[in-house]
Amino acid sequence: MYWWQVIVFPFALLFDLITRLRNLLYDLGVKKTVRFDTNVVVVGNLSIGGTGKTPMIDYLVRYFHPQDKKVCTLSRGYGRKTYGFRLATVADTPDTIGDEPFMYLQKYHGLVPVAVGAERDLAISELLGHVPDAHAILLDDAFQHRRVSPSVSIVLTTYQNPFHKDYLLPAGRLREARRGVRRADIIVVTKCPEYMSAADQVRMRYEIQEYTSASVYFMTVQYDPLVPVFQNGSELKRNVLGISGMANPEPFEHYLRRNYAVKHTYNYRDHYRYKLGDVRDILREMDEDTSLITTEKDMVKLKQFQELRDYSCFYLPIRMKFLKDESLFLSNLESKLKNYAQEPI
């Protein structure tokens with residue numbers, strides 16, 4: 001521990017007491033949970049910050065959708081300015097449904113129902129009223145939402161900062177104690193080095209399975225080719241300007257510096273709402289030899305600024321890729337789901 005973690009550790013103990021009592025009430029049945037006939041897949045983590053939940057949701061959508069198994073995404077809608085349940089439509093914006101749900105809406109062109117609602121049990125019931133033939137509902141960041149009893153819980157932890165080496169808030173980044181991972185059905189270590197050794201995988205799996213009997217898998221980030229933000233025919237320029245608003249921008253910025261001549265990077269806080277003043281600051285760095293490269297999540301927000309349309313702007317899509325055992329992961333996932341296909345009503 002660092003000295004500041006020692007100072008705040010008593011507050012972490014208090015936080016542990018509160019979360020332990022809450023979980024105990026659910027475990028004993030004092031606080032009630034709801035189980036749905038439809039498959040509910042929770043994607044979450046023990047820590048705050050970016051562990052790759054959005055790319056994992058995207059991976060699951062890509063898996064289910066080609067099989068004609070209708071899936072929906074349900075998120076809290078962090079940062080939105082609306083309340084209650086909301087089923088996304090083409091009229092929605094990041095302000096009405098939040099960053100990630102808006103990205104899903106844009107990415108899947110309305111083919112995948114996207115909903116938001118803070119009270120997940122009530123939101124699932126309402127969502128099923130709109131989509132009664134859903135094969136699975138993917139709950140984004142809902143591992144601590146104990147009121148819903150999921151079909152399967154997938155917990156993500158990063159290679160760089162795994163939960164078993166972290167501490168409870170505020171001494172660390174954990175939302176609940178490490179033992180909470182016992183509720184997980186599957187553990188996925190994300191953001192692994194592309195060439196992570198077999199010995200390193202064995203070591204990390206052993207360390208994780210001291211806390212849980214769940215199967216452990218390893219994934220890395222795969223960057224896809226750049227995509228133009230606007231259809232203005234602009235080509236990639238000699239220099240690039242990196243723009244991101246995420247909890248951990250280091251992998252994104254490292255990739256840019258490794259592959260492009262980076263002129264400057266702007267790193268805004270996670271879920272940041274860009275303002276016209278921000279865009280004007282960015283444009284001061286742009287010239288005829290510079291392109292803007294941003295993340296897919298930030299692209300959907302920056303795209304709304306007309307001031308950027310005359311410039312060379314690209315976004316960098318990412319996806320999750322298993323280092324190995326992808327078929328085992330999918331078999332494990334399917335074994336926990338109700339594999340029926342309801343007839344549309």
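Check the entry above for the structure.
So, here is what we can say about the structure in this document. Just so it is clear, the model here is predicted, and its values are computed rather than measured.

1. Here's the deal with the pattern of salt bridges
Okay, step 1: If you walk through the whole model with that rule in mind, you get 26 salt bridges.
Okay, step 2: When the shortest N-O distance is used, the salt bridge between Arg147 and Glu119 registers 3.6 Å. A residue pair is termed long-range when its members are at least 10 positions apart, and Arg147 in the loop between strand S5 (136-140) and strand S6 (152-158) and Glu119 in the loop between strand S4 (114-116) and helix H5 (120-130) qualify at 28 residues.
Okay, step 3: Look at Arg147 and you get partly exposed, because its relative accessible area is 31%.
Okay, step 4: Between Lys321 and Glu194 there is a salt bridge whose closest N-O contact spans 3.8 Å. Taken as a pair, Lys321 in strand S14 (residues 318-322) and Glu194 in the loop between strand S7 (186-190) and helix H6 (198-208) lie far apart in primary sequence, 127 residues in all.
Okay, step 5: Taking the relative accessible area as the measure of exposure, Lys321 reaches 32% and is therefore partly exposed.
Okay, step 6: A cluster of three or more residues bridged by salt bridges with shared partners is formed by Asp95, Asp99, Arg273, Asp298 and Lys301.

2. Some thoughts on the packing of helix H2 (residues 53-64) against helix H4 (residues 99-107)
Okay, step 1: Between H2 and H4, the shortest axis-to-axis distance is 11 Å and the interhelical angle comes to 30°. Between H2 and H4, the crossing angle belongs to the class labelled roughly parallel. Here H2 runs over H4; the crossing is right-handed. Residues Thr54, Ile57, Asp58 and Arg62 of H2 lie in contact with H4, whose contacting residues are Glu100, Met103, Tyr104 and Lys107.
Okay, step 2: Among the residues making up the contact of H2 with H4, the classes are represented as 3 nonpolar, 1 polar and 4 charged.

3. A few points about H2
Okay, step 1: The terminal C-alpha atoms of H2 lie 17 Å apart, and with 12 residues this matches the ideal 16 Å at 1.5 Å per residue to within 8%.
Okay, step 2: Among the 12 residues of H2, 11 are classified as buried, and the element is accordingly described as predominantly covered.
Okay, step 3: Looking at H2, one finds that the buried residues are Lys53, Thr54, Pro55, Met56, Ile57, Asp58, Tyr59, Leu60, Val61, Tyr63 and Phe64.

4. Quick word on the sheet that holds strand S8 (residues 215-223)
Okay, step 1: Judged by pairing direction, the sheet is mixed, and its 9 strands sit side by side in the order S3-S4-S2-S5-S1-S6-S7-S8-S14 without closing on themselves. Since the sheet does not close on itself, it has two edges, and those belong to strand S3 (86-87) and S14, each with one partner.
Okay, step 2: As paired strands, strand S1 (residues 39-45) and S5 are joined by 5 bridges and run parallel to one another. Paired with Val40 across the two strands is Ile137, which belongs to S5.
Okay, step 3: Packing against the sheet, H4 makes contact with strand S2 (71-75), S4 and S5, and its axis sits at approximately 165° to S4.

5. Thoughts on the environment of Tyr266
Okay, step 1: By the secondary structure assignment, Tyr266 is in strand S11 (residues 261-268).
Okay, step 2: Once you skip the residues sitting within four places of it in the chain, Tyr266 turns out to touch Leu241, Gly242, Ile243, Ser244, Asp281, Ile282 and Glu285.
Okay, step 3: One polar contact links the side chain of Tyr266 to the main-chain carbonyl oxygen of Asp281, over a distance of 3.4 Å.

Scoring rules and cut-offs
Residues numbered from 1 in each chain as written. Predicted model: local features only at pLDDT ≥ 70, side-chain atom pairs only at ≥ 80, totals over all residues. Heavy atoms only, no water. Salt bridge = Lys/Arg side-chain N within 4 Å of Asp/Glu carboxyl O. Helix = DSSP H or I, 4+ residues; strand = E, 2+ residues; numbered from the N terminus. Buried < 20%, exposed > 50% of the residue type's maximum accessible area, 1.4 Å probe, protein only. Axes fitted to C-alpha atoms, helices over the stretch in contact; angles between N-to-C directions. Parallel < 35°, antiparallel > 145°, perpendicular 65-115°, else oblique. Left-handed = near helix turned anticlockwise from the far one by under 90°. Contact = heavy atoms within 4.5 Å. Nonpolar A, V, L, I, M, F, W, Y, C, P; charged D, E, K, R; others polar. Expected span 1.5 Å × (residues − 1). Pairing = 2+ DSSP bridges. Polar contact = N/O pair within 3.5 Å; in protein donor to acceptor, adjacent residues only side chain to side chain.

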